[in-house]
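# Inside the fold
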Amino acid sequence: MQAFRKAVEAGDHAAIEALLADDVVFSSPVVFRPYPGKATTAAILRGVTRVFEDFRYVREINDAGGRDSALVFAARVGDREISGCDFLHLDENGLIDEFTVMVRPLSAAQALAAAMGAQWERITEEAAAG
C-alpha cells in the first residue's frame with residue numbers, strides 16, 4: 001500500500017493514523033494477543049518508530065484485488081539487525097483493518113520485545129489520550 005509506505009517513510013504519524021480503520025486490529029510479533037483499535041495501533045506504531053533504527057522498506061507485494069499488501073522491511077534494534085514484514089488488509093473503505101507484523105531472527109525479535117516493553121507505559125498513555 002503506497003500511501004502507508006510513503007507516510008511511514010516520511011515519518012508522518014498523522015497520515016499513518018488517517019489510514020487506520022477505527023476497528024483496526026494490530027497483531028504483534030512479540031505478544032500472543034492482538035491489540036484492537038485505532039488509538040492503540042497508532043500508539044504502537046509511534047513506539048516502533050522510537051525503537052527501530054535505520055528503518056527502510058525493501059519490497060512491496062500487493063494482491064491483484066488491491067486489498068492485501070506485504071511490505072518487507074529491514075531495520076536495527078540496538079545492535080541487532082532485524083528483517084520483517086508488515087501484512088496489511090484494507091476494509092471496503094480502503095482503510096487498514098488488519099495489521100500483522102512478522103520479524104526475524106529470534107534474537108532480533110527478543111530485542112524488539114524488550115525495547116517495546118520499555119516503551120509500553122508511554123504507548124498506553126498515548127493510546128488513552130486518543
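See the structure printed just above.
Definitions and limits used
- Residues numbered from 1 in each chain as written.
- Predicted model: local features only at pLDDT ≥ 70, side-chain atom pairs only at ≥ 80, totals over all residues.
- Heavy atoms only, no water.
- 1 Å grid on protein atoms, 1.4 Å probe; cavity = no way out; pocket = protein on both sides within 12 Å on 5 of 7 lines; lining within 4 Å.
- Points joined across faces, edges and corners; volume = space filled by probe spheres on them.
- Helix = DSSP H or I, 4+ residues; strand = E, 2+ residues; numbered from the N terminus.
- Nonpolar A, V, L, I, M, F, W, Y, C, P; charged D, E, K, R; others polar.
- Pairing = 2+ DSSP bridges.
- Contact = heavy atoms within 4.5 Å.
- Axes fitted to C-alpha atoms, helices over the stretch in contact; angles between N-to-C directions.
- Salt bridge = Lys/Arg side-chain N within 4 Å of Asp/Glu carboxyl O.
- Buried < 20%, exposed > 50% of the residue type's maximum accessible area, 1.4 Å probe, protein only.
- Lys, Arg positive; Asp, Glu negative; His and termini not counted.
- Polar contact = N/O pair within 3.5 Å; in protein donor to acceptor, adjacent residues only side chain to side chain.
- Phe/Tyr/Trp six-rings, centres within 6.5 Å; stacked < 30°, edge-to-face > 60°.

Each pocket or cavity is described by its volume, and for the largest pocket that value is around 470 Å³. In this structure, the largest pocket is lined by 28 residues; those nearest its centre are I44, L45, V48, F52 and M116. Within the residue set of the lining of the largest pocket, elements represented by two or more residues are α1 (2-10), α2 (13-18), α3 (38-51), β3 (53-62), β6 (96-104) and α4 (106-129). Across the lining of the largest pocket, the residue classes break down as 21 nonpolar, five polar and two charged.

Bringing the sheet that holds β6 into the picture now. In a beta sheet, neighbouring strands pair by backbone hydrogen bonds and run either parallel or antiparallel. Here we have six strands laid out as an open sheet, ordered β2-β1-β6-β5-β4-β3, and mixed in their pairing. Each end of this open sheet is capped by a strand with a single partner; those strands are β2 (35-36) and β3. Strand direction decides the pairing type here: strand β5 (residues 80-90) and β6, joined by eight bridges, are antiparallel. Across the sheet, C85 pairs through a bridge with M102, a residue of β6. Sheet strands touched by α4: β2, β4 (68-77), β5 and β6. Its angle to β5, the strand with the most contacts, is close to 75 degrees.

On to the pattern of salt bridges, then. Within this structure, the stated rule accounts for 10 salt bridges. Here R46 ties to E126 by a salt bridge, and the two come within 2.9 Å at their closest N and O atoms. With a gap of 80 residues between them, R46 in helix α3 and E126 in helix α4 connect regions that are remote in the sequence. Each member of the pair, R46 as well as E126, carries the same accessibility label: buried. One salt bridge in this structure joins E126 and R50, with 3.2 Å as the shortest N-O distance. With a gap of 76 residues between them, E126 in helix α4 and R50 in helix α3 connect regions that are remote in the sequence. In this structure, a network of salt bridges that share partners links the residues E17, R46, R50, R122 and E126.

Following R104, the chain continues to P105 via a peptide bond in cis, the omega torsion being -5 degrees. Tracing the backbone through its elements, the reader meets P105 in the loop between β6 and α4. Notably, D54 is not glycine yet its phi reads approximately 55 degrees, a positive angle. Along the polypeptide, D54 turns up in strand β3.

Attention now goes to the side chain of D91. Looking at the element boundaries, D91 is found in the loop between β5 and β6. Although D91 is buried, it forms no salt bridge, and the closest oppositely charged side chain is R67 at an N-O distance of 6.1 Å. Within the structure, the side chain of D91 is placed 2.8 Å from the backbone nitrogen of N93, a separation counted as a polar contact. With near-sequence residues (within four places) excluded, D91 lies in contact with A21, R67 and D97.

This next bit is on the packing of aromatic side chains. In total, this model carries seven aromatic pairs according to the counting rule given. Pairing F4 with F99 gives two aromatic rings, centres 5.5 Å apart and planes at 70 degrees, and the pair type is edge-to-face. Residue F4 is located in helix α1, and its partner F99 is located in strand β6; the two are separated by 95 residues in the primary sequence. Given a relative accessible area of 1%, F4 falls into the buried group. With centroids separated by 5.2 Å and ring planes inclined at 35 degrees, the aromatic side chains of F26 and F99 adopt a geometry described as tilted. Remark: F99 occurs in strand β6 and F26 occurs in strand β1 (residues 20-27); sequence separation between them is 73 residues. Side by side, F26 and F99 carry an identical accessibility label, which is buried. What links up through ring pairs into an aromatic cluster is the set F52, F55, Y57 and F73.

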